[in-house]
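# Understanding the architecture of this molecule
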Amino acid sequence: MIPSQRVILAAGLAILLIITAASIGLDLKSRADTAWTNHAVEVLKKISDLRLLVRRAESAARGYELYRGQTFNDEFQTTRAQIAPALADLKRAVRDNPDQVALVEATEPLIKRRVDIAAEAMRLRADRDEAGIAALQGKAEGRGLMETVTSNLDRLTAAEEEQLAARSADSRRTGIVLLGIDVAGAILILLLVALLLRETRRTRVELQSTLHETKAANEALEAAVAERTEHLVTAHDELRLSVNVLQSTFNSMAEAVLVIDSHGEVLLSNPAAERMLVHRTGMNLEDLRERGDVVTSDGSTPLMPEELPSMRVLRGEEFEELEIVVLPYHGTPMRHLVVSGRPMRDAQGAISGAVLVYHDATASRDTERQLAQSQKLDAIGKLTGGVAHDFNNMLTVISGNTETLVAELKEQPEPERVAKLILDAADRCAELIQHLLAFARKQPLHPRNVEVNAALTDIAKLLRPTLGEQIQIETALEQGAVTSHIDPSRLTNAVLNMAINARDAMPGGGKLLLETHKVELDGDYAQANPGVLPGPYVMVAVSDTGTGMSKEIQEQAFEPFFTTKEVGKGSGLGLSMVYGFVRQSGGHIKIYSEIGHGTTIKLYLPPGQGETEATGTVAPPAAGGVETIFVVEDDNLVRTFVTAQLESLGYRTIAAADSRAALALVDGGAVFDLLFTDVVIPGGMSGRELAEIIAKRRPGLKVLFTSGYTDDAVVKQGKLGEGVLLLTKPYRRNKLADMIRLALNGSADAAAS
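Cut-offs and rules
Residues numbered from 1 in each chain as written. Predicted model: local features only at pLDDT ≥ 70, side-chain atom pairs only at ≥ 80, totals over all residues. Heavy atoms only, no water. Pairing = 2+ DSSP bridges. Helix = DSSP H or I, 4+ residues; strand = E, 2+ residues; numbered from the N terminus. Axes fitted to C-alpha atoms, helices over the stretch in contact; angles between N-to-C directions. Contact = heavy atoms within 4.5 Å. Buried < 20%, exposed > 50% of the residue type's maximum accessible area, 1.4 Å probe, protein only. Right-handed = clockwise from strand over helix to strand, strands pointing away. Core = buried A, V, L, I, M, F, W, Y, C linked by side-chain atoms within 4.5 Å.

## A look at the sheet that holds strand E13 (residues 599-605)
The strands making up a sheet associate through backbone hydrogen bonding, with each pair oriented either parallel or antiparallel. Pairing is mixed across the open sheet formed by five strands, whose spatial order is E8-E10-E11-E13-E12. The open sheet terminates on both sides in strands that have one partner only, identified here as strand E8 (471-476) and strand E12 (588-593). With direction set aside, neighbouring strand axes in the sheet form an average angle of 20°. Strand direction decides the pairing type here: E8 and strand E10 (residues 510-521), joined by six bridges, are parallel. Bridged to Ile471 within E10 is Gly510. Helix H13 (residues 452-467) contacts E8, E10 and strand E11 (535-544) of the sheet and is inclined by roughly 165° relative to E10.

## Structural notes on the pairing of strand E16 (residues 674-678)
In terms of burial, E16 is largely enclosed, as five of its five residues are buried. Direction of pairing for strand E14 (residues 628-632) relative to E16: parallel, over a ladder of four bridges. Bridging from a neighbouring strand, Ile629 pairs with Leu674 of E16. Relative to strand E17 (residues 703-707), E16 runs parallel, the two being bridged by four bridges. Note that in E17 the partner of Thr677 across the bridge is Phe705. With respect to chirality, the unit in which E16 leads through helix H20 (residues 687-697) into the neighbouring parallel E17 is right-handed.

## Looking at the nonpolar core
Ranked by internal contacts, the top residues of the largest apolar core, which has 38 residues, are Leu463, Met498, Leu512, Leu514, Ile589, Leu603 and Leu605. Elements with a contribution of two residues or more to this core: H13, E8, helix H14 (488-504), E10, E11, helix H17 (574-584), E12 and E13. In this structure, Leu514 is in contact with Leu456, Ala460, Leu463, Glu474, Thr475, Ala476, Leu477, Val495, Ala541 and Val542, ignoring residues within four places of it in sequence. Val54, Ala61, Val115 and Met146 belong to the second-largest nonpolar core, a separate cluster that totals 28 residues.

Have a look at this one:
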């Protein structure tokens, strides 16, 4: 071999060794890039998990504040216990980045403080500390903390996503360079082999003398190539695994993802996009827009084309949680979507496309709407109960004194007629107040185990003459005994009210259907309907073939005094009374209706246990007596009226205006046979608490309560407590005499019946 050929061969071998060394170095770098990429993905997951825990804790706390349910408290405590380990895990994951460690450490006390505020709010709500709650809400500290926490987590996510993108791009560049080096090495090897073969033919003798050296060099080269090939196969397998993981994650996401180019053509979509957006392969954004109208979050204001999420993101805007509503053209329900968008840019910074992520918030928005409606009805109920209390106090005085006036004017027909008109008007006012109390769930119920099928059969007989011949009444009752623990008279009133509404919705006649079923409401239904507990219920449904209700009317149907009837043809209290009866009984009510297709109202009532109970007999009217009655009443007019009525019945009376004055008389040695107290009195305690304190000092104390509306002090879930007697306002002289005599004789059971 001539010297020049040896130089060429040596140079080729040197270059080959350099290529091999570079290839090994790049292989190590490729492995490191893959590890960093996986690390970035893991950090993003930990940030997402922490964000979810904080939101879940806040959601559970809010749910507890609204309903004080143990389930929300348990969920809050469980989530709260998971937050500290999640923070520690995140700090360990970002320990290689001092800026991120500092940001996590700055966020940690904010999260703990936000959770502590939520826990404090739950504790105040459990203690019913309204002043504490108002003070805590007045600070508005929780919202600011949550905004700062969300901002910090967004910064962490953005920084990690930026690192992930940089490391992924670096890994791709390393792979390309690595592949180029491998190809160059292979070409160089082929050139060297060709040179050797040519020199073999020319200098066979010289080649024979260096055969062993060449063979050793070839073996080394082959070993290096084999090792590099093995490394390449391993790297490709790892890359394929990473791609599979990312693809599986992308396809399993609950959010719909669309990757589009600058012209709106869909480049990539996941299965969730097919379910949520009805996207199919080959469809572009224009095809999707033709399937329905897109409006703002209010559900009615159209979005202009330039305001659509795709147009905004292709203009370079970045946004999070942009809420839109899609109104499909083909009769499917509307969908509330929360959209996030990020533009994609090429190497020169120009926008080459965008990524759009859609979250379906339809269920949560429906739940929020139902929760707001439930809170609205509860607020109206509280206001109604308070007003009714004061009205009943006044009506007690008006009715009682007017009754006395009627008796004294028997010899004067004209004044007697006027007095009777006043008495009739007072009775109508009392009836109206009872309707309001039914809605407010402040009426005393007398529940018993009722055979619902038999009750509906009797009600159907009552309805036939009431509704008229143009209304066809049918029943579809479940086979066997269907027992519910309710007040039977209230059930009758509820079905009558719904039947009358159905009749008015069918002016030309139609069909009324009464149904019963035993049903089981599961956790999903309870979650979608605030205030509902999962479990067994007795379902009573009243359906008509009338004009139906719009969605707006359905949302207002249970509000007192709301009516769609002409003036003078309805009070607007029918469905509000039904709503109050069902909720106070521990049940649930639901309206299903559509314009032109009739209405179905379903009552889900608590099931009964054991045998049905017979209705007790009413005690005969009682006369007066000579005992001493201790009257505790804060309203001066009512107190004066009651003592006068009792004294006219022969009783002696002692009176006090509040709990402090009453206890002072008891401690002073006042002697009496019966405590007759209002439930709601001033002085720092309720009438029930006053009775309990006096009973400890006077064992065997007999008590009769009175109230303008039922209060939790004597009523639990619509039922009078064990051994409790209650005289509801307004009341007449005879009812007062009967209940006083009943209380003195010690018969609470007779009063309940």
